[in-house]
Amino acid sequence: MAAPKKGRRQPGQGRPGRALALILIALVALTGGMFLSGHTTPRLGIDLAGGTSITLQARSEPGQESAVNQTNMNTAVGIIERRVNGLGVSEAEVQTQGTDHIIVNIPKGTNEKQAREQVGTTAQLFFRPVLQLASGEPAPEGSPSPSASGSPDEAEQGDGDKATEGGDKATDGKSGEPEATPTTQGRAASGALKADATPSPSGSADGKADPTPSPSASEGGADEALMKKFEALTCTDTEERTDAAEGTKPSEPMVGCGQNSAGQWEKYILGPAAVAGTEIEDASAVIDERTGQWIVTMDFSGKGADAFSKITSELKTQQPPMNQFGIVLDGEVVSAPSVQTTLSKSAQISGSFTQESSQELANMLSYGALPLSFVEESVTSVTAALGGEQLEAGLIAGGIGLILVIVYLVVYYRGLSLIAIISLLMSAALTYTIMVLLGPAIGFALNLPAVCGAIVAIGITADSFIVFFERVRDEIREGRSLQPAVARGWPRARRTILVSDFVSFLSAAVLFVVTVGKVQGFAFTLGLTTLLDVVVVFFFTKPLLTILARKKFFASGHPWSGLDPKRLGVKPPLRRARRTVPADPKEA
């Protein structure tokens with residue numbers, strides 16, 4: 001019979017050193033990423049940091065149930081986010097949850113009543129004629145600010161320096177290339193909305209600039225109070241932009257701000273609303289087959305087509321910028337194309353669009369026609385002091401639970417408890433670093449239910465260690481030494497651990513899908529810690545026990561090792577005495 005090869009490993013031993021090195025490298029990498037990102041503590045949710053959390057549920061109109069879809073929900077998130085930012089909030093979170101819920105988390109220091117009014121109302125989109133246009137950015141020191149009134153030369157000098165370089169044009173999609181005259185004061189829109197790359201100031205044949213009509217003119221203009229508001233408006237100030245159109249009715253003229261294609265702020269005086277956004281039946285971003293550029297198409301209802309035809313027929317005869325119409329969403333001008341021909345049922349907007357910018361504009365136009373409304377499902381307000389008390393209480397509960405688990409492990413498993421405690425610390429370190437990194441990465445915020453999930457995870461993780469230790473002890477009870485017991489007990493323990501963790505993870509996944517709001521924090525944390533439990537047991541606990549099984553303290557079954565054969569009830573095997581055969585008497 002061949003002798004066994006020297007140094008041959010027991011089945012299931014593998015290379016424990018490599019597994020330990022791998023998980024330690026992962027921990028170092030996560031810790032390094034945490035410090036490099038500049039975030040060393042997890043983001044706290046509203047219930048711990050203080051603030052207001054609003055849960056909105058989308059409702060569709062009868063017969064249009066399909067309107068509640070991912071695209072429309074994302075558009076709604078963008079609209080609400082713009083509104084919340086208009087309140088001067090810098091750390092607000094607006095995100096979808098599930099298929100029909102939007103969660104708005106606004107940190108402490110925000111007016112709750114104002115925030116609820118902003119996020120709970122339906123978006124208002126209107127098409128308004130442009131009466132006056134000027135730069136909305138602060139004038140450099142020493143230079144006069146542009147005035148809406150004055151001589152033609154002054155108007156061109158004041159506005160022309162900061163006018164839009166290029167613009168959007170509106171067309172009906174059927175006419176050829178429009179011969180629009182680009183203007184330094186606005187964007188061009190004709191029967192086909194398109195932009196010229198290098199516009200030049202419009203002027204008459206003798207070289208003099210065409211005068212810009214004053215908004216106080218009889219053509220429709222604005223009153224003196226509106227002019228003063230227009231001249232004082234600075235669009236780079238968020239609060240001023242928000243307040244500019246506040247309280248304005250659709251039937252009244254207004255002042256507003258918008259960004260041109262170069263990203264510069266411009267301010268407008270706009271006439272009464274000519275067409276409501278609800279008259280848009282469809283808007284989409286497509287590629288123009290003739291030019292290969294992105295354009296935005298929009299179709300109006302019958303009533304909307306009549307109103308749009310009327311206003312564009314009036315605008316096409318005006319001089320810039322009064323041949324433009326402003327697309328106004330919640331008081332902000334999102335686009336201001338100019339018109340050179342009458343438009344009706346269908347129109348196209350073209351210009352220096354990218355895929356992203358064209359889809360963004362199409363979504364904004366569509367939102368004015370979406371049969372969506374939102375109802376408040378829940379509103380939670382928490383002061384910073386109460387949040388701090390809740391966090392402290394959660395940490396105390398977690399600390400008490402951890403101490404009780406450690407006491408039980410030490411009393412029952414003695415030396416083996418050292419492995420379990422180190423494994424718990426490894427699991428805690430991985431959980432903490434991942435939670436910190438998930439904050440800036442996906443917006444994860446640690447709330448009170450998430451803390452509860454982490455506390456529950458302590459028991460789940462300790463349970464995996466207990467399963468493994470008991471399988472090893474069973475093998476020792478059957479008379480095997482420690483190293484073979486670890487090798488034979490691991491496959492049986494592994495199956496039990498995987499099945500148990502799979503059930504826990506499945507429960508967390510189902511809970512995450514079917515719930516909204518803070519309960520999802522509990523489900524997410526429970527699922528994350530369950531996955532980490534598998535990682536720690538496979539790559540840390542098992543390799544560590546394999547290595548320590550070679551040490552004399554554990555291998556010899558020391559009374560404090562937790563693997564003492566006598567304490568485990570191992571009985572020495574019965575040894576039978578050899579039968580002696582009596583010798584036959586020799587004959588004399």
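This section reports on the structure supplied with the text. (Residues numbered from 1 in each chain as written. Predicted model: local features only at pLDDT ≥ 70, side-chain atom pairs only at ≥ 80, totals over all residues. Heavy atoms only, no water.)

1. Some words on the overall build of the protein
What the protein contains, in helices and strands, is 15 helices and 14 strands. The buried share of the protein, taken over its 588 residues, is 43%. Carbon and sulfur atoms form 56% of the exposed surface of the protein, whose accessible area is close to 30100 Å². (Helix = DSSP H or I, 4+ residues; strand = E, 2+ residues; numbered from the N terminus. Buried < 20%, exposed > 50% of the residue type's maximum accessible area, 1.4 Å probe, protein only. Areas by Shrake-Rupley, 256 points an atom, 1.4 Å probe, with all protein chains shown as cover.)

2. A few points about the state of the cysteines
Counting across every chain of the model gives one disulfide. Put simply, cysteine 235 and cysteine 257 are joined by a disulfide, and their sulfur atoms are 2.0 Å apart. Judged by the sign of its S-S torsion, about -75 degrees, the bond between cysteine 235 and cysteine 257 is left-handed. Taken as a pair, cysteine 235 in the loop between helix H6 (224-232) and helix H7 (238-244) and cysteine 257 in strand E6 (residues 254-259) lie far apart in primary sequence, 22 residues in all. Cysteine 257 matches cysteine 235 in its accessibility class, with the two residues each being buried. (Disulfide = S-S within 2.5 Å.)

3. Considering unusual backbone geometry
Negative phi values dominate among residues other than glycine, just as trans dominates among peptide bonds. A cis amide bond links proline 320 with the next residue in sequence, proline 321, at an omega value of 0 degrees. Mapped onto the elements, proline 321 comes out in the loop between helix H8 (302-315) and strand E11 (325-329).

4. Some thoughts on the pairing of strand E10 (residues 294-300)
Among the seven residues of E10, six are classified as buried, and the element is accordingly described as predominantly covered. Alignment of strand E9 (residues 280-287) against E10, held across seven bridges, turns out to be antiparallel. What sits directly across from isoleucine 287, in E10, is tryptophan 294. Here E9 folds back onto E10 in antiparallel fashion, the turn holding six residues, of which glycine 292 has a positive phi close to 75 degrees. Sheet topology places E10 next to strand E13 (residues 346-350); five bridges connect them, and they run antiparallel. Each bridged residue has a counterpart across the sheet, and for aspartate 299 the counterpart in E13 is serine 346. (Pairing = 2+ DSSP bridges.)

5. Some points on helix H12 (residues 448-477)
The terminal C-alpha atoms of H12 lie 44 Å apart, and with 30 residues this matches the ideal 44 Å at 1.5 Å per residue to within 8%. The distance from a side-chain oxygen at the start of H12 to the backbone nitrogen of alanine 450 is 2.9 Å, and the residue carrying that oxygen is asparagine 447. Backbone geometry just after H12 places glycine 479 at a positive phi near 100 degrees. (Expected span 1.5 Å × (residues − 1). Polar contact = N/O pair within 3.5 Å; in protein donor to acceptor, adjacent residues only side chain to side chain.)

6. Some words on the side chain of glutamine 324
The topology assignment puts glutamine 324 in the loop between H8 and E11. Among the polar contacts made by the side chain of glutamine 324, one reaches the main-chain carbonyl oxygen of alanine 336 at a distance of 2.7 Å.

7. A short note on the nonpolar core
One finds Leu416, Phe469, Val472, Leu482 and Leu545 to be the most contacted residues of the largest nonpolar core, which totals 45 residues. Going through the elements one at a time, helix H1 (16-36), helix H10 (384-413), helix H11 (416-442), H12, helix H13 (482-514) and helix H14 (519-548) are the ones with two or more residues in this core. A total of ten residues in this core trace back to one element, the largest contributor, which is H12. Beyond its immediate chain neighbours, meaning those up to four positions away, phenylalanine 469 contacts Tyr413, Leu416, Ile419, Ala420 and Leu545. (Core = buried A, V, L, I, M, F, W, Y, C linked by side-chain atoms within 4.5 Å. Contact = heavy atoms within 4.5 Å.)

8. Things to note about the packing of H11 against H14
Packed helices, taken two at a time, are described by the angle their axes make and the gap between the axes. Interhelical geometry of H11 versus H14 gives an angle of 140 degrees and a closest axis separation of 9 Å. In terms of axis orientation, H11 runs oblique to H14. Where H11 crosses over H14, the two elements pack in a sense that is right-handed. Only Phe524, Thr525, Leu528, Thr529, Leu532, Val536, Phe540, Thr541, Leu544, Leu545 and Leu548 of H14 make contact with H11, whose side of the interface consists of Leu416, Ile419, Ile422, Ser423, Met426, Ser427, Leu430, Thr431, Ile434, Met435, Leu438 and Ile442. Along the lines of polarity and charge, the residues of the contact of H11 with H14 split into 17 nonpolar, six polar and no charged. (Axes fitted to C-alpha atoms, helices over the stretch in contact; angles between N-to-C directions. Parallel < 35°, antiparallel > 145°, perpendicular 65-115°, else oblique. Left-handed = near helix turned anticlockwise from the far one by under 90°. Nonpolar A, V, L, I, M, F, W, Y, C, P; charged D, E, K, R; others polar.)

9. Some points on a negative patch on the surface
A cluster of like negative charges, contributed by Asp237, Glu239, Asp243 and Glu246, occupies part of the molecular surface. Checked against the element boundaries, glutamate 246 lands in the loop between H7 and E6. Among the residues examined, glutamate 246 registers a relative accessible area of 58% and is labelled exposed. (Patch = residues over 30% accessible without salt bridge, like charges linked within 9 Å, V, L, I, M, F, W, Y side chains within 5 Å. Salt bridge = Lys/Arg side-chain N within 4 Å of Asp/Glu carboxyl O. Lys, Arg positive; Asp, Glu negative; His and termini not counted. Charge placed at Lys NZ, Arg CZ, Asp CG, Glu CD.)

10. Here we look at the pairing of E11
For E11, the tally of buried residues reaches five of five residues, placing the bulk of the element in the interior. Side-chain alternation along E11 places Phe325, Ile327 and Leu329 on one buried face and Gly326 and Val328 on a second face that is also buried. Inspection of the sheet shows strand E4 (residues 125-135) paired to E11 by five bridges, in the antiparallel sense. Paired with arginine 128 across the bridge in E11 is glycine 326. Taken together, E11 and the strand that follows it, strand E12 (residues 332-335), pair antiparallel across an intervening segment of two residues, in which aspartate 330 is found at a positive phi of about 50 degrees.

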